[in-house]
Amino acid sequence: MNDKDQSKQVQNAPNHGQESEHEHINNKLDSKRMEEFSAELTDSDLPDFEEEKGFNPGTLYGWGSIILAVISFFTWPVILGAASIVFGFVARSRGTNTLGIIGIIAGILSLISAFFFIPFLS
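Residues numbered from 1 in each chain as written. Predicted model: local features only at pLDDT ≥ 70, side-chain atom pairs only at ≥ 80, totals over all residues. Heavy atoms only, no water.

## Remarks on the packing of aromatic side chains
Logical step 1: Inspection of every chain in the model, using the stated rule, returns 1 aromatic pair.
Logical step 2: With a centroid separation of 5.7 Å and an interplanar angle of 75°, the aromatic rings of Tyr61 and Phe87 are classed as edge-to-face. Taken together, the residues span a long stretch of sequence, with Tyr61 in helix α2 (residues 57-72) and Phe87 in helix α3 (residues 77-93) at a distance of 26 residues.
Logical step 3: Relative accessible area serves as the criterion here: at 28%, Tyr61 is assigned to the partly exposed category. (Phe/Tyr/Trp six-rings, centres within 6.5 Å; stacked < 30°, edge-to-face > 60°. Helix = DSSP H or I, 4+ residues; strand = E, 2+ residues; numbered from the N terminus. Buried < 20%, exposed > 50% of the residue type's maximum accessible area, 1.4 Å probe, protein only.)

Laid out in structure tokens, this is it:
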């Protein structure tokens, strides 16, 4: 193959960084490969979003449900037991399942004791 045929088939190398500061305006790209010159983000470069934990209001409802249930065993079992069940469901809807379930079960036990066991013991 002679030099003329070879020069038609071979693409010139891109000359990035060899032009003056403002010569890139209104110039076409000198390469058809569209190289990408950027750094890739790795896992260690990304911020840790899981470690940033804020206050969850469901926790407050969960503990409130448990406190209401404990108090309902000693006084006003119907009102405080029902409030404990409602607070337990609110806590579960806000993401604190364990505290909500404990409050619901304790409120139900308080209501059961108020309606079935306490009248027979009095």
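## Regarding α2
Logical step 1: With 16 residues, α2 extends 23 Å from end C-alpha to end C-alpha; this agrees with the ideal 22 Å at 1.5 Å per step.
Logical step 2: Of all the residues in α2, the buried ones are Gly58, Gly62, Gly64, Ser65, Ile66, Leu68, Ala69 and Ser72.
Logical step 3: Where α2 is buried, its residues contact α3 and α4 (97-121).
Logical step 4: Here α2 starts with a cap whose side-chain oxygen sits 3.1 Å from the backbone nitrogen of Gly58, and that cap is Asn56. (Expected span 1.5 Å × (residues − 1). Contact = heavy atoms within 4.5 Å. Polar contact = N/O pair within 3.5 Å; in protein donor to acceptor, adjacent residues only side chain to side chain.)

## Topic: unusual backbone geometry
Logical step 1: One non-glycine residue with positive phi stands out, namely Trp76, at about 45°.
Logical step 2: Topologically, Trp76 is positioned in the loop between α2 and α3.
Logical step 3: Among the residues examined, Trp76 registers a relative accessible area of 59% and is labelled exposed.

## Description of the packing of α2 against α4
Logical step 1: It is at 8 Å that the axes of α2 and α4 come closest, and there the two elements cross at 20°. In this view, α2 runs roughly parallel relative to α4, as classed from their interaxial angle. The crossing of α2 and α4 is left-handed. Facing α2, whose interface residues are Thr59, Gly62, Trp63, Ser65, Ile66, Ala69 and Ser72, α4 presents Leu99, Ile102, Gly103, Ile104, Ala106, Gly107 and Ser110. (Axes fitted to C-alpha atoms, helices over the stretch in contact; angles between N-to-C directions. Parallel < 35°, antiparallel > 145°, perpendicular 65-115°, else oblique. Left-handed = near helix turned anticlockwise from the far one by under 90°.)

## Focus: the packing of α3 against α4
Logical step 1: At their nearest, the axes of α3 and α4 sit 7 Å apart, and the two run at 160° to each other. One finds that α3 runs roughly antiparallel with respect to α4. Crossing hand, α3 versus α4: left-handed. Contacts from Pro77, Val78, Gly81, Ala82, Ser84, Ile85, Gly88, Phe89, Ala91 and Arg92 of α3 reach α4 at Asn97, Gly100, Ile101, Gly103, Ile104, Gly107, Ile108, Ser110, Leu111, Ala114 and Phe115.
Logical step 2: Here the residues of the contact of α3 with α4 are counted per class, giving 12 nonpolar, 8 polar and 1 charged. (Nonpolar A, V, L, I, M, F, W, Y, C, P; charged D, E, K, R; others polar.)

These results come straight from atomic positions and should not be treated as a statement about function.
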